[in-house]
Amino acid sequence: MRIIGLGTDIIEVKRMEQFAQKPGALERIFTPQEIAYCQARKNRYQHLAVRFAAKEAVYKALPFGGVAFKNIQVTNLENGRPVVSVADERCRDLQILLTLSHTDAYATATAVVQQ
Ligand SMILES: CC(C)(COP(=O)(O)OP(=O)(O)OC[C@H]1O[C@@H](n2cnc3c(N)ncnc32)[C@H](O)[C@@H]1OP(=O)(O)O)[C@@H](O)C(=O)NCCC(=O)NCCS
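Presented here is a report on the structure given in the accompanying data block. (Residues numbered from 1 in each chain as written. Predicted model: local features only at pLDDT ≥ 70, side-chain atom pairs only at ≥ 80, totals over all residues. Heavy atoms only, no water.)

Things to note about the site of the ligand
Neighbouring residues of the ligand: Tyr-37, His-47, Val-50, Arg-51, Asn-76, Asn-79, Gly-80, Arg-81, Pro-82, Leu-100, Ser-101 and His-102. Taking Asn-76, its side chain carries an N or O atom lying 2.9 Å from an oxygen atom of the ligand. One of the backbone N or O atoms of Gly-80 is found 3.3 Å from a nitrogen atom in the ligand. Considering the ligand on its own, with 930 Å² of exposed area, one finds that the protein chains cover 41% of that surface. Sorting the residues of the shell around the ligand by element identifies α4 (44-61) and β4 (95-102) as the ones contributing at least two each. Class assignment for the residues of the shell around the ligand results in four nonpolar, six polar and two charged. (Near = heavy atom within 4 Å. Polar contact = N/O pair within 3.5 Å; in protein donor to acceptor, adjacent residues only side chain to side chain. Areas by Shrake-Rupley, 256 points an atom, 1.4 Å probe, with all protein chains shown as cover. Helix = DSSP H or I, 4+ residues; strand = E, 2+ residues; numbered from the N terminus. Nonpolar A, V, L, I, M, F, W, Y, C, P; charged D, E, K, R; others polar.)

The structure is reproduced here in structure tokens:
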């Protein structure tokens with residue numbers, strides 16, 4: 001496989017906290033599994049923010065546009081490692097690597113696409 005795309009994003013956790021106050025906002029962007037993972041954690045806005053950054057990073061790394069953020073889903077393996085899946089036929093032969101990090105103030109994500 002060779003690397004065909006790289007993407008990154010950083011967002012302020014405070015902005016996610018504000019966004020999450022709007023009725024229905026989270027449900028428009030995040031899958032039920034993503035929301036459940038974040039809501040179960042103490043620093044839920046950090047986890048939501050980093051998932052938003054992940055969707056941006058994956059979007060930037062893909063060689064085409066037009067992917068809805070809700071179709072880009074981040075889950076975690078048992079050891080905590082994040083895994084991304086994209087519900088889009090064009091991603092069938094692509095492998096996407098993702099790494100995440102967050103602090104009280106910022107959340108950042110980097111994605112690599114291989115084919
Ligand atoms: C897993 C670990 C690397 C996370 O690092 P951290 O600085 O606490 O937290 P960060 O904000 O940078 O990263 C958090 C993200 O890392 C990702 N992550 C968690 N476990 C992971 C793993 N095993 N592999 C890759 N990524 C992982 C997750 O995506 C997590 O965010 P999420 O829960 O919202 O999905 C850290 O907790 C850890 O276990 N470090 C091991 C340190 C160690 O054993 N040192 C030995 C010598 S002292």
